[in-house]
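Examination of the molecular architecture
Residue strings, one per chain:
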Amino acid sequence: MGELYGRPIDEALRRAGSPAQVASVEQSVRTDGPDAGTRRLRIVAGELDVELLPDRGLDVGQVRHRGVPLAWVSPTGWPRPGAGGFGASFGGGLVTTCGLLSFGPPSTDAEGEHPQHGRYSGLSASVTRAEVQSDAVVVEATVVEATVLGAHLELRRRLRLPFGEGRVELRDEIVNRGSRPVEPMVLYHVNLGWPLVDAGSVLRSPALDVTARDADAESGRATWAEFPEPAATYPEQVFAHVLPTDRHVSAEVVARSGLGIRISFDTAVLPGMFQWRVAREGSVVLGVEPATASTILGRADARARGLLRELAPGATWKLGLDIDVIGA
């Protein structure tokens, strides 16, 4: 068991007037601006302060460790679902879930039309549990992605923040509630920003090889591991990381200060990983993106390459990742 402010957790809780002094769950509704009417959950677990977004599939917004912001947040914020396409409503945050039927560019197939990075981040969750336990804060929710006479998927999400460990544990179960097989696609868009990401920040990857998505990325492939000095103009660059199969792996992003983030997952269920890099003034962001398919070119490309995995009626997939603060 970890510590809270230099004391063992059980001892720290005995010294607090209330457990809410060191751990809490606060639920609220935004009352102003483009996100008015949307829900927020603020989780405090010792030195970790986390914003959860129930109306974005219980994705993770800003996260602060000892007051230091770790996630990149875009200028759009998180407006109400349906307020424009992905580019007009992608707020960033520590985790944006892409799926459940597609990620990458827009596409169309037998399951219908899929917007950029899928529909998931525009779906509202039903929060079923939000509580402080003896050793962690736990939040659970259910999200449904379904169409009339089409695919019917249910995602059960569990987020656990253990005390004193600087960790966010994200666990998902996808259940096929329909009457026919479906082929889900999921990508966890982990978005890291300043001050964690700046010139000299390093990405340590478990990759066996790193390839460029396009010419813009090819121009930076030799330096993919080290974040460059931000400039007035800088192209969006995406790299594909070729991972070892059926292994538990970790990727780390570490700043010059030594502060870092470790993202851990199982390549048996998340065999792909992509890196998104923009070193533009006003948009300093590094994305690390574990995924269920090793293509970022969309559902049609995944199908053509045999990368889609069938989920039978009533069957369940389990996937997820751990995000740890390191070097703090």
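Just above, that's the structure.
All of the points below concern the structure found in this document. (Residues numbered from 1 in each chain as written. Predicted model: local features only at pLDDT ≥ 70, side-chain atom pairs only at ≥ 80, totals over all residues. Heavy atoms only, no water.)

A few words on the layout of surface pockets. Looking at the largest pocket, its volume works out to about 390 Å³. Lining the largest pocket are 22 residues; nearest its centre among them are Phe86, Phe90, Gln116, Glu236 and Trp276. Taken together, the residues that form the lining of the largest pocket break down as 10 nonpolar, eight polar and four charged. Roughly 340 Å³ of internal volume is contained in the second largest pocket. Within the residue set of the lining of the second largest pocket, elements represented by two or more residues are strand 18 (237–242) and strand 21 (272–280). For the lining of the second largest pocket, the class distribution of residues is 14 nonpolar, six polar and two charged. (1 Å grid on protein atoms, 1.4 Å probe; cavity = no way out; pocket = protein on both sides within 12 Å on 5 of 7 lines; lining within 4 Å. Points joined across faces, edges and corners; volume = space filled by probe spheres on them. Nonpolar A, V, L, I, M, F, W, Y, C, P; charged D, E, K, R; others polar. Helix = DSSP H or I, 4+ residues; strand = E, 2+ residues; numbered from the N terminus.)

A word on the pairing of strand 5 (residues 48–53). Direction of pairing for strand 4 (residues 39–45) relative to strand 5: antiparallel, over a ladder of five bridges. Residue Arg42 lies in a different strand from strand 5, and its bridge partner there is Glu51. Counting the residues in the hairpin turn of strand 4 and strand 5 gives two residues, including Gly46, whose phi is positive at 65°. Pairing geometry for strand 5 and strand 6 (residues 59–65), over five bridges, is antiparallel. Within the sheet, the bridge partner assigned to Asp49 lies in strand 6 and is Arg64. (Pairing = 2+ DSSP bridges.)

This next bit is on the sheet that holds strand 16 (residues 202–204). Adjacent strands of a sheet form backbone hydrogen bonds with each other and so pair up, either parallel or antiparallel. Taken in spatial order, the eight strands make up an open sheet running 11-12-13-14-23-20-19-16, and their pairing is antiparallel. Strands with a single pairing partner mark the edges of an open sheet, and in this sheet they are strand 11 (126–132) and strand 16. Adjacent strand axes in the sheet meet at a mean angle of 15°, parallel and antiparallel pairs treated alike. Where strand 16 lies against strand 19 (residues 248–254), three bridges are found, and the strand directions are antiparallel. Bridge pairing links Arg204 to Glu252 in strand 19. (Axes fitted to C-alpha atoms, helices over the stretch in contact; angles between N-to-C directions.)

Our next topic: the packing of aromatic side chains. Taken as a whole, this structure holds four aromatic pairs when the rule is applied. Taken together, a centroid distance of 4.7 Å and an interplanar angle of 20° make the contact between Phe86 and Phe90 stacked. Its relative accessible area of 15% is what places Phe86 among the buried residues. Considering the side-chain rings of Phe90 and Trp276, the 6.1 Å spacing of their centres and the 50° angle between planes classify their relative orientation as tilted. In this pair, Phe90 is assigned in the loop between helix 2 (86–89) and strand 8 (95–98) and Trp276 in strand 21, connecting sequence segments 186 residues apart. Taken together through their ring pairs, the aromatic side chains of Trp72, Phe86, Phe90 and Trp276 make up a single cluster. (Phe/Tyr/Trp six-rings, centres within 6.5 Å; stacked < 30°, edge-to-face > 60°. Buried < 20%, exposed > 50% of the residue type's maximum accessible area, 1.4 Å probe, protein only.)

A separate point is the environment of Pro271. Topologically, Pro271 is positioned in the loop between strand 20 (260–266) and strand 21. For Pro271, a relative accessible area of 33% gives the class partly exposed. Counting along the chain gives 44 residues from Pro271 to Phe227, while the straight-line C-alpha distance between them is 24 Å. In this structure, Pro271 is in contact with Leu243, Ala291 and Thr292, ignoring residues within four places of it in sequence. (Contact = heavy atoms within 4.5 Å.)

One pass over the full model with this rule turns up 36 salt bridges. In this structure, Asp35 engages Arg30 in a salt bridge whose closest nitrogen and oxygen atoms are separated by 3.0 Å. We classify Asp35 as buried; its relative accessible area is 7%. Among the ionic pairs, Arg262 bridges to Glu252, the shortest N-O distance being 2.9 Å. Separated by 10 residues along the polypeptide, Arg262 in strand 20 and Glu252 in strand 19 bring together distant segments of the chain. The exposure class assigned to Glu252 is buried, which follows from its relative accessible area of 15%. Overlapping salt bridges, with partners in common, bring together Asp135, Arg160, Glu165, Arg167, Glu169 and Asp324 in one network. (Salt bridge = Lys/Arg side-chain N within 4 Å of Asp/Glu carboxyl O.)

With that settled, consider empty space enclosed by the protein. One pass over the full model with this rule turns up five cavities of 30 Å³ or more. The computed volume of the largest cavity comes to approximately 70 Å³. If you go around the largest cavity, the residues you meet are Arg56, Asp59, Trp78, Phe86, Ser89, Phe90, Gly91, Thr96 and Ser121.

Among the seven residues of strand 19, five are classified as buried, and the element is accordingly described as predominantly covered. Of the pairings in the sheet, the one linking strand 19 to strand 20 comprises seven bridges and is antiparallel in character. By the bridge assignment, Glu252 is partnered in strand 20 with Arg262. In this antiparallel pair of consecutive strands, strand 19 and strand 20, the connection spans five residues, and Gly258 shows a positive phi of 100°.

Before going further, it helps to examine the nonpolar core. Of all hydrophobic cores here, the largest spans 67 residues; its most connected members are Val50, Leu52, Leu94 and Ile174. Per-element accounting of this core gives the leading share, five residues, to strand 23 (residues 316–326). Of all hydrophobic cores here, the second largest spans 18 residues; its members include Trp72, Met185, Val278 and Ala302. (Core = buried A, V, L, I, M, F, W, Y, C linked by side-chain atoms within 4.5 Å.)

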